[in-house]
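Topology and contacts: notes
Listed below, chain by chain, are the residues.
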Amino acid sequence: MNVEQPFNSEVHIQTLRPSVRIALLIGGTVSVILAVIATLLPVIPTTPFVVLAAVCYGRSSERLYRRLMNSRLIGENYHNLREGRGLPLRVKLSALLLAWIMLGLAAIYMVESAFMKAFLISLAVIKTFVMMKIKTLKLEYVGRD
């Protein structure tokens, strides 16, 4: 998805009882907040929260769904993953760098148990393997004339 072209998927909001719609709106908003927190804490995966927010907003609010899908950080990457194109190398490397720094610092300075140190480092290794399995999106650069 190109930044210049906003996400234009058809969203069909079902007629829901007000209580269900409010619950979905709250669930979507909480999921977005947890996704933002998860980007700062590499132990928590971000993607499930983004997917949950998309589902909740997709069923309850076209405006919030489009806003999520058109967001610079979440929408483009979610759309690319959903379409099977993968993630840009920059995003993958940023996620891995942050994960290794946070988990490494935690392993060095926050835990004393050798088991917990090994556990935190193994989480970073697992995250690295998972990111390697995700297809790398090749960005098309437009040359200047």
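Our subject in this report is the structure included herewith.

About the thresholds
Residues numbered from 1 in each chain as written. Predicted model: local features only at pLDDT ≥ 70, side-chain atom pairs only at ≥ 80, totals over all residues. Heavy atoms only, no water. Axes fitted to C-alpha atoms, helices over the stretch in contact; angles between N-to-C directions. Helix = DSSP H or I, 4+ residues; strand = E, 2+ residues; numbered from the N terminus. Parallel < 35°, antiparallel > 145°, perpendicular 65-115°, else oblique. Contact = heavy atoms within 4.5 Å. Nonpolar A, V, L, I, M, F, W, Y, C, P; charged D, E, K, R; others polar. Expected span 1.5 Å × (residues − 1). Buried < 20%, exposed > 50% of the residue type's maximum accessible area, 1.4 Å probe, protein only. Arc of directions from axis to C-beta. Polar contact = N/O pair within 3.5 Å; in protein donor to acceptor, adjacent residues only side chain to side chain. Core = buried A, V, L, I, M, F, W, Y, C linked by side-chain atoms within 4.5 Å.

Examining the packing of helix α3 (residues 62-70) against helix α4 (residues 75-82)
In contact at an axis separation of 5 Å, α3 and α4 are set at 85° when each is read in the N-to-C sense. With respect to α4, the element α3 is oriented roughly perpendicular. Across from Y65, L68 and M69 in α3, the residues of α4 making contact are G75, E76, Y78 and R82. Tallied by class, the residues present in the contact of α3 with α4 amount to four nonpolar, one polar and two charged.

Section: helix α6 (residues 114-133)
Here α6 spans 29 Å end to end across 20 residues, near enough to the 28 Å set by a 1.5 Å rise per residue. Of all the residues in α6, the buried ones are L120, A124, T128 and M131. Projected down its long axis, α6 shows its buried positions confined to an angular sector of 85°, all on one face. In α6, the exposed residues that point more than 90 degrees away from the buried face are A114, F115, F129, M132 and K133. Among the structural elements, β1 (87-88) and α5 (89-110) are those in contact with the buried residues of α6. The backbone nitrogen of F115 lies 3.2 Å from a side-chain oxygen of the residue at the head of α6, namely S113.

Overview of the environment of V32
With respect to the helices, strands and loops of the structure, V32 is situated in helix α1 (residues 18-40). Among the residues examined, V32 registers a relative accessible area of 22% and is labelled partly exposed. For V32, the contacting residues outside a window of four places in its chain are A53, Y57 and L68.

Let's talk about the nonpolar core
Ranked by size, the top nonpolar core spans twelve residues in total: L25, A35, V50, A53, A54, Y57, L64, Y65, L68, M69, I74 and Y78. For this core, the elements supplying multiple residues, two or more each, are α1, α2 (47-60) and α3. Contact partners of L68, with chain neighbours within four places excluded, come to V32, V50, A53, A54, Y57, I74 and G75. Counting six residues, the second-largest nonpolar core is a separate cluster that includes L103, A106, V111 and A124.

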